[in-house]
There are 2 protein chains.
Amino acid sequence: MSHPQRRSEPGPSAGADGFLAVDSGGSGLRVAAGIPGRGPAGRRVTREPVRTGQRGIDAGHLLAQLVPLARELAAQAGIGRFTAVAVGAAGLATLGDALRADLPGALARDLGARRVALAADAVTAYAGALGVRPGAVVAAGTGLIAVGTDLTRWRRADGWGHLLGDCGGGAWIGRAGLEAALRAHDGRRGGSAELLARARERFGPVTGLPGALYPRSDRAAVLASFAPEVAACADGDPVSAGILGEAARHVADAAAAVHPAGTPVTVTGGLLKLGDAFAVPLARELAERLPDAPRVAAEGDPLDGAVRIAERLATGPLTLPEDGRMLSVTTLPGG
Amino acid sequence: MSHPQRRSEPGPSAGADGFLAVDSGGSGLRVAAGIPGRGPAGRRVTREPVRTGQRGIDAGHLLAQLVPLARELAAQAGIGRFTAVAVGAAGLATLGDALRADLPGALARDLGARRVALAADAVTAYAGALGVRPGAVVAAGTGLIAVGTDLTRWRRADGWGHLLGDCGGGAWIGRAGLEAALRAHDGRRGGSAELLARARERFGPVTGLPGALYPRSDRAAVLASFAPEVAACADGDPVSAGILGEAARHVADAAAAVHPAGTPVTVTGGLLKLGDAFAVPLARELAERLPDAPRVAAEGDPLDGAVRIAERLATGPLTLPEDGRMLSVTTLPGG
């Protein structure tokens, strides 16, 4: 077929209709773009997490990072406008009001969006891991959230952030490890000399820890940065092994709370990088709590999930259930 | 003796030499002033906690609140200058570098200070509770810290703040209570329906909790505000009772780490307001961990302790041990 493509709305941003997929998490934005049906043609990453302010997730800060990257990707891939956009964002369910209010209109204005999906990061993790099958996915990185669906509704468990929950996630493990280090420093019961030595290697004298942690806006990420040290100590240090065992129980608790009977369960996210020190107790706890759930490996990551959602948005109905907090689709004028 | 008092340095701020005592904590400043040897002549309270920034405790923010109050108290009590000032501050040991660097000079300039004591809030709590006796004091409010001394050196345990420790304090209890409430909301194991009901009464729908908590700068105080609800549920709810029992164990752990053999132990601070739900397990845990330590009631509070330190500074040597982080005395030119 060598006919030149005809466009219904030629204009200054000439090019194909594209999709844009975004994963906004604790370490920054990950963005992919392409032509629907062909998968991502390009990807970009930022290292600046989107700020959270009095109105929740800061839509302006997200847009200020996203729009220039999207235009770069559009130029690279020959895309004229991003008719379908899927944004997965950490904290969307509880801190996403401003994002839901402001983002679709802004994406229509700046990038030509016609349909915009806003998804909790757990939903993009789900879609990346399992696609549109029923099941349960635990997304365990800095934070931790479990979502499950029978394709009629979503259930979620945890994902409350590092002060109210995210039990068993990276910040939870790192925080528990630092507490055990400081117990050893103080001579309190329950301390770990191994973790104290690791904390000193990582952060210097521990009396400087509060000053290094509390003024920062990325406290959860700082805490999570210590989780690999806990995993590294677990082979000889019962305190570290105990922390990882309790983390694994929390993961299983969250999975069990959302799991539809007879469906698969998947654990995905950066926590799996902790290796066997975490994987072994995790397998044991999941087998005990969900003995009849086949455990499957994730097919892809949250950005893959956002890509799947965006490509479906561009071409037809989204078979995952919509619900105001977990996954909402806005169709804009002209869309 | 009716001779008119002679002053060595008459000036615009004529009046007696006074002392100023300050307790800077999570709920604001408490200030007392008077003539040495006569106890406090006046007191003031603010409701704005001193900010913590990149340089630690913000000395400028403390001064901006303190100086006007001190001048009011001086006018009221006929004080010309505050030659002796004692400031007890939460976080001094770990976040006090800027305070130690900036405060003595500023107090000399603005209030005529000649000797300035900067004390960790745990040291003022100690001095208020036990005076200059050897012993151990656990100061348990929003946070938790234990200090002990044999009068040659200080030992401290915990006081690391709500993310790294303060185990068993008000923020710790409230946080654990909210986690249990959210476990019930999610259907995770370990939840408490009673605490969930209390959380809804206090904060509205729990899906709004992260948005109500994380953007605030006084997160520890918000968490601690839920501790009384945990205490109120403990009489029928095993989850709440379990949280308070674990808190009591943490208090005993901290006390045991700093306690000189054969000396008394005191628990002081707002946590005692939780009543028997906390006092009963606390007495049990202290008796088990420190069976030979007589438990005594606090004689006074941290502001009383700051008053004791300031009055001693004005009149002679301070018999409590000095150490850079816990208690430091600066003698200024002319002092």
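The name recorded for chain A in an unreviewed UniProt entry is ATPase BadF/BadG/BcrA/BcrD type domain-containing protein, from Streptomyces fumanus.

Looking at the overall build of chain A
When helices and strands are tallied, chain A shows 12 helices and 12 strands. Against the 2.2 N^0.38 benchmark of 20 Å for 335 residues, chain A shows a C-alpha radius of gyration of 21 Å, consistent with a compact globule. Projecting the C-alpha coordinates of chain A onto the three principal axes gives extents of approximately 75 × 45 × 35 Å. Out of the 335 residues belonging to chain A, those deemed buried represent 55%. At a minimum sequence separation of 6, the contacts of chain A that also span at least 24 residues come to 67%.

Focus: the UniProt feature "domain: ATPase BadF/BadG/BcrA/BcrD type" (unreviewed entry) in chain A
When the UniProt feature table is mapped onto this chain numbering, "domain: ATPase BadF/BadG/BcrA/BcrD type" (unreviewed entry) sits at residues 71-274 of chain A. Its end C-alpha atoms 36 Å apart, residues 71-274 of chain A is made of 50% helix and 19% strand.

Concerning the domain arrangement of chain A
Partitioning chain A into domains gives domain 1 (16-130 + 301-331) and domain 2 (170-289). Relative placement of domain 1 of chain A and domain 2 of chain A: their C-alpha centres are 30 Å apart.

Quick look at the nonpolar core
Note on soluble globular proteins: their nonpolar side chains tend to be buried together. In terms of nonpolar packing, the biggest core is built from 107 residues, with Leu164, Ile173 and Phe278 of chain A together with Leu164, Ile173 and Phe278 of chain B touching the most fellow members. Those residues in contact with Phe278 of chain B that lie beyond four places of it in its chain are Leu244, Ala247, Ala248, Val251 and Leu271 of chain B.

As for the packing of helix α5 (residues 170-186) of chain B against helix α6 (residues 193-203) of chain B
Two quantities define a packed helix pair, namely the angle between the helix axes and the distance between the axes. All names here are of chain B. As a packed pair, α5 and α6 sit with axes 8 Å apart at the nearest point and diverge in direction by 105°. Judged on the interaxial angle alone, α6 and α5 are roughly perpendicular. Contact residues: Gly177, Leu178, Ala180, Ala181, Ala184 and His185 in α5; Ala193, Leu195, Leu196, Ala199, Arg200 and Phe203 in α6. Of the residues that constitute the contact of α5 with α6, the class distribution is 9 nonpolar, 2 polar and 1 charged.

Considering the environment of Glu179 of chain A
When you line up the elements, Glu179 of chain A lands in helix α5 (residues 170-186). For Glu179 of chain A, a relative accessible area of 11% translates into the label buried. Remark: the alpha-carbon pair of Glu179 of chain A and Ala64 of chain A, spanning 115 residues in sequence, is separated by 37 Å. Sequence-distant contacts of Glu179 of chain A, defined by excluding residues within four places in its chain, comprise Leu164 and Cys167 of chain B.

Side note on the relation of the copies chain B and chain A
Between the two copies, chain B and chain A, the superposition gives an RMSD of 0.0 Å; the rotation angle is 180° and the shift along the axis is 0.0 Å. Between the two chains, the operation in question is that of a two-fold axis. In terms of proximity to the rotation axis, the leading residue of chain B is Leu163 of chain B, whose C-alpha is 4.0 Å off the axis. Both copies share a contact surface, since 100% of the interface residues of chain B are interface residues in chain A too.

Quick notes on helix α12 (residues 302-315) of chain A
Residues and elements named next belong to chain A. With 14 residues, α12 should cover 20 Å at 1.5 Å per step; its first-to-last C-alpha distance of 20 Å lies within 8% of that length. Along α12, the residues that are buried comprise Leu303, Gly305, Ala306, Val307, Ile309, Ala310, Glu311 and Leu313. The opening residue of α12 is Asp301, an N-cap whose side-chain oxygen sits 3.0 Å from the backbone nitrogen of Leu303.

Section: α5 of chain A
With 17 residues, α5 of chain A extends 24 Å between its outermost C-alpha atoms, agreeing within 8% with the 24 Å of an ideal straight helix rising 1.5 Å per residue. Trailing α5 of chain A by a residue or two, Gly187 of chain A shows a phi angle of about 80°, which is positive.

What to know about the sheet that holds strand β11 (residues 265-268) of chain B
Residues and elements named next belong to chain B. Here 4 strands make up an open sheet; going across it, the order is β10-β9-β8-β11 and the pairing mixed. The two strands at the open ends of the sheet, each matched to only one other strand, are β10 (154-158) and β11. On average, each strand axis in the sheet is inclined to that of its neighbour by 15°, with strand direction left out of account. In the sheet, strand β9 (residues 144-149) pairs with β10 via 5 bridges, with the strands oriented antiparallel. Each bridged residue has a counterpart across the sheet, and for Thr149 the counterpart in β10 is Trp154. In this fold helix α4 (residues 121-130) packs onto β8 (135-140), β9, β10 and β11, with an angle of close to 120° to the strand it touches most, β8.

As for the packing of aromatic side chains
A complete count under the given rule lists 4 aromatic pairs over all chains for this structure. Here the aromatic rings of Tyr126 of chain A and Trp154 of chain A are separated by 5.3 Å at their centres, their planes lie at 90°, and the arrangement is edge-to-face. Linking Tyr126 of chain A in helix α4 (residues 121-130) with Trp154 of chain A in strand β10 (residues 154-158), this pair joins segments that are 28 residues apart in sequence. We note that Tyr126 of chain A, like Trp154 of chain A, is buried. We note Arg156 of chain B situated over the ring of Trp160 of chain B; from NZ or CZ to the ring centre the distance is 5.0 Å. Over the aromatic face of Phe203 of chain B sits the side chain of Arg202 of chain B, whose NZ or CZ is 5.5 Å from the ring centroid.

Notes on the pattern of salt bridges
Throughout the structure, instances matching the rule amount to 46 salt bridges over all chains. Residue Asp158 of chain B pairs with Arg188 of chain A through a salt bridge whose shortest N-O separation is 3.0 Å. You can see Asp158 of chain B sitting in strand β10 and its partner Arg188 of chain A sitting in the loop between α5 and α6 (193-203), one on each of two chains. As far as the burial class goes, Asp158 of chain B and Arg188 of chain A line up, both buried. In this structure, Arg44 of chain B engages Glu72 of chain B in a salt bridge whose closest nitrogen and oxygen atoms are separated by 2.8 Å. Here the residue Arg44 of chain B occupies a position in strand β3 (residues 40-45), and Glu72 of chain B occupies one in helix α1 (residues 59-77), the gap between them amounting to 28 residues. Because the salt bridges share partners, they merge into one network encompassing Arg175, Glu179, Arg183 and Arg189 of chain A together with Asp253 and Arg289 of chain B.

Remarks on the interface of chain B and chain A
Each partner contributes to the interface: chain B provides 40 residues, whereas chain A provides 40 residues. Between chain B and chain A, roughly 3800 Å² of surface is buried when both sides are summed, and carbon and sulfur atoms account for 60% of that area. Of all residues in chain B, the largest losses of buried area upon contact with chain A belong to Trp160, Leu163 and Leu164 of chain B, amounting jointly to 22% of the total for that side. Inspection of the chain B/chain A interface yields 6 salt bridges. The salt bridge involving Asp253 of chain B is made with Arg189 of chain A; its shortest N-O contact spans 2.9 Å. Our count for the contact surface shared by chain B and chain A stands at 22 residue pairs in polar contact (both at pLDDT 80 or more). Those elements giving two or more residues to the side of chain B that touches chain A turn out to be α2 (92-95), β10, α5, α7 (209-213), α8 (219-224) and α10 (238-258) of chain B. No other element matches α5 of chain B, which puts 7 residues into the side of chain B that touches chain A. Its residues placed into classes, the side of chain B that touches chain A shows 17 nonpolar, 10 polar and 13 charged.

The rules behind the values
- All residue numbers refer to positions counted from 1 along the written sequence of the respective chain.
- The lettering of chains begins at A and the numbering of ligands begins at 1, in the order of writing.
- Only residues with pLDDT of 70 or above have their local features reported here, since the model is predicted, and side-chain atom pairs are shown and tallied only from 80 upward, although totals for entire chains, interfaces and linings are computed over all residues.
- Heavy atoms from the whole structure form the basis of all side-chain values; hydrogens and water molecules are not counted.
- Labels follow the DSSP assignment, with helices taken as runs of H or I lasting at least four residues and strands as runs of E lasting at least two, numbered in each case from the N terminus.
- Throughout, radius of gyration means the C-alpha value; the globule benchmark is 2.2 Å times the number of residues raised to the power 0.38.
- Partly exposed describes any residue whose relative accessible area lies between the buried limit of under 20% and the exposed limit of over 50%, with all areas from a 1.4 Å probe on protein chains only and scaled to the type maximum.
- Contacts: residue pairs with any heavy atoms within 4.5 Å of one another.
- UniProt positions are given in the numbering used here, feature names are shortened, and annotations may be inferred rather than shown by experiment.
- Annotation comment: domain bounds sourced from an automatic or database domain assignment.
- Residues grouped as a nonpolar core are buried Ala, Val, Leu, Ile, Met, Phe, Trp, Tyr and Cys residues, joined through side-chain atoms within 4.5 Å.
- Each axis is a line fitted through C-alpha atoms, taken for helices only over the stretch in contact, and angles between the N-to-C directions span 0 to 180 degrees.
- To sort the angles, those under 35 degrees are grouped as roughly parallel, those over 145 as roughly antiparallel, those from 65 to 115 as roughly perpendicular, and the leftovers as oblique.
- Residues were grouped as follows: Ala, Val, Leu, Ile, Met, Phe, Trp, Tyr, Cys and Pro as nonpolar; Asp, Glu, Lys and Arg as charged; and all remaining residues, including Gly, as polar.
- For the least-squares superposition of copies, only C-alpha atoms count, and only for residues with pLDDT at least 70 in both.
- Multiplying 1.5 Å by the helix residue count minus one yields the expected span of that helix.
- Pairs of N or O atoms within 3.5 Å make up the polar contacts considered here, provided that, within protein, one atom can donate a hydrogen while the other can accept it, and that residues adjacent in sequence are counted only when both atoms are side-chain atoms.
- Two strands are said to pair when DSSP picks up at least two bridges between them.
- Centre distance within 6.5 Å is the pairing criterion for rings of Phe, Tyr and Trp, where only the six-membered ring of Trp is used; planes under 30 degrees apart are then read as stacked, over 60 as edge-to-face, and the remainder as tilted.
- Two thresholds decide whether a charge sits over a ring: the Lys NZ or Arg CZ must be within 6 Å of the ring centre and within 35 degrees of the ring normal.
- Only one rule defines a salt bridge in this text: a Lys or Arg side-chain nitrogen within 4 Å of an Asp or Glu carboxyl oxygen.
- Put simply, buried area is the surface a 1.4 Å probe can reach on two separate parts but cannot reach once they are joined, added for both.

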